[in-house]
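Here's the letter readout for the chains.
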Amino acid sequence: SVRADLAGFAPRGTLSRGRVQWEGPNDAPTALSGQADFALVGVTAQGLLPGGTGFSGSIEFTPAGGTLKLQSRAATLDLPRVFALPIDLDRLDATATWERKDGATLVRLVSAEFANAHASGQASGLYRTTAKGPGAIDLVAQLANAQVTEVHRYLPRWIDAGTRDWLRRGLAKG
């Protein structure tokens, strides 16, 4: 059931000024649109879907696309399929949009600025679905004030644990 599926994500936080509209039956809508502001929202990572806590911002969506804006402080991003540990963020300000057209989806990261105890940076880019395969991504990112001694925390899981540990022990302050 939808309620049981939702419970697995353990949603928390506050939604305000929310509006949802759907067409079709309640258990299988054919079109869904809405908007909401949210504060300190969090969900538990499940399967391929990421989790996190402390996210604030707004969302607007229709069957054709939408916009997500984040203005978060003291948030945590959990990508367990990518990183061994959740990523703490002192600040995350971002805007993303998505469009669905002719069976394809285009996600645009208009801008993202982030900072934590180990680095600060910014990113922008886009992701397109493709007929076959995982899709295509074009991402531009810059890091500043990165602490070399913490690089091991941000290496993806597919880099073996021995390499991550070697970097943790081997990289001196720089």
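Structure shown above.
Residues numbered from 1 in each chain as written. Predicted model: local features only at pLDDT ≥ 70, side-chain atom pairs only at ≥ 80, totals over all residues. Heavy atoms only, no water.

A.B. asks: Sorry, what's going on with a nonpolar patch on the surface here?
C.D. replies: On the surface, a cluster of nonpolar side chains totalling about 290 Å² of accessible area is made up of V20, W22 and L32. Among the structural elements, W22 can be located in strand 1 (residues 12–23). (Patch = residues over 30% accessible without salt bridge, like charges linked within 9 Å, V, L, I, M, F, W, Y side chains within 5 Å. Areas by Shrake-Rupley, 256 points an atom, 1.4 Å probe, with all protein chains shown as cover. Salt bridge = Lys/Arg side-chain N within 4 Å of Asp/Glu carboxyl O. Helix = DSSP H or I, 4+ residues; strand = E, 2+ residues; numbered from the N terminus.)

A.B. asks: In this structure, what is going on with the pattern of salt bridges? I would like to understand it.
C.D. replies: A side chain with one charge may pair with a side chain of the opposite charge, provided their charged atoms come close. Taken as a whole, this structure holds seven salt bridges when the rule is applied. Between R153 and E150 there is a salt bridge, with the nearest N and O atoms lying 2.4 Å from each other. Residue classification places R153 among the partly exposed residues on the basis of a relative accessible area of 36%. For E150, a relative accessible area of 14% corresponds to the buried category. Of the charged contacts in the structure, one is a salt bridge between R169 and D165, with a shortest N-O distance of 2.9 Å. Of this pair, R169 and D165 both sit in helix 2 (residues 161–170), four residues apart, which is roughly one turn of that helix. (Buried < 20%, exposed > 50% of the residue type's maximum accessible area, 1.4 Å probe, protein only.)

A.B. asks: Looking at this structure, how should I read the pairing of strand 5 (residues 87–101)?
C.D. replies: Where strand 4 (residues 65–78) lies against strand 5, twelve bridges are found, and the strand directions are antiparallel. If you follow G65 over to strand 5, its bridge partner there is E99. Judged from the eleven bridges that link them, strand 5 and strand 6 (residues 104–115) form a sheet pairing that is antiparallel. Note on strand 6: the bridge partner recorded for A94 is A112. Here strand 5 folds back onto strand 6 in antiparallel fashion, the turn holding two residues, of which D102 has a positive phi close to 55°. (Pairing = 2+ DSSP bridges.)

A.B. asks: Would you take a moment to explain the environment of S72 for this structure?
C.D. replies: Relative to the helices and strands, S72 is located in strand 4. Exposure remark for S72: the relative accessible area of 0% places this residue in the buried category. Between the C-alpha atom of S72 and that of A172, which follows or precedes it by 100 residues, the distance is 31 Å. Those residues within four positions of S72 in sequence are excluded, and the remaining contacts are G54, F55, S56, D90, R91, L92 and D93. In this structure the side chain of S72 is engaged in a polar contact, spanning 2.9 Å, whose partner is the backbone nitrogen of S56. (Contact = heavy atoms within 4.5 Å. Polar contact = N/O pair within 3.5 Å; in protein donor to acceptor, adjacent residues only side chain to side chain.)

A.B. asks: Explain unusual backbone geometry here, please?
C.D. replies: Among all residues save glycine, negative phi is the norm, and among peptide bonds the norm is trans. Look at A10: it is not a glycine, yet its phi comes out positive at around 45°. Within the secondary structure, A10 is located in the loop between helix 1 (2–8) and strand 1. Here A10 falls in the partly exposed class, since its relative accessible area comes to 33%. A positive phi angle is found at R17, which is not glycine, with a value near 50°.

A.B. asks: What should I look at first to understand the nonpolar core in this one?
C.D. replies: The tendency in soluble globular proteins is for nonpolar side chains to be buried as a group. Ranked by size, the top nonpolar core spans ten residues in total: F38, F55, L70, A75, F83, I87, L89, L92, A94 and A112. Elements with a contribution of two residues or more to this core: strand 4 and strand 5. Element by element, the count of residues in this core is highest for strand 5, at four residues. In contact with F55, other than residues within four places in its own chain, are F38, A39, L40, V41, L70, S72, A75, T76, L77 and L92. (Core = buried A, V, L, I, M, F, W, Y, C linked by side-chain atoms within 4.5 Å.)

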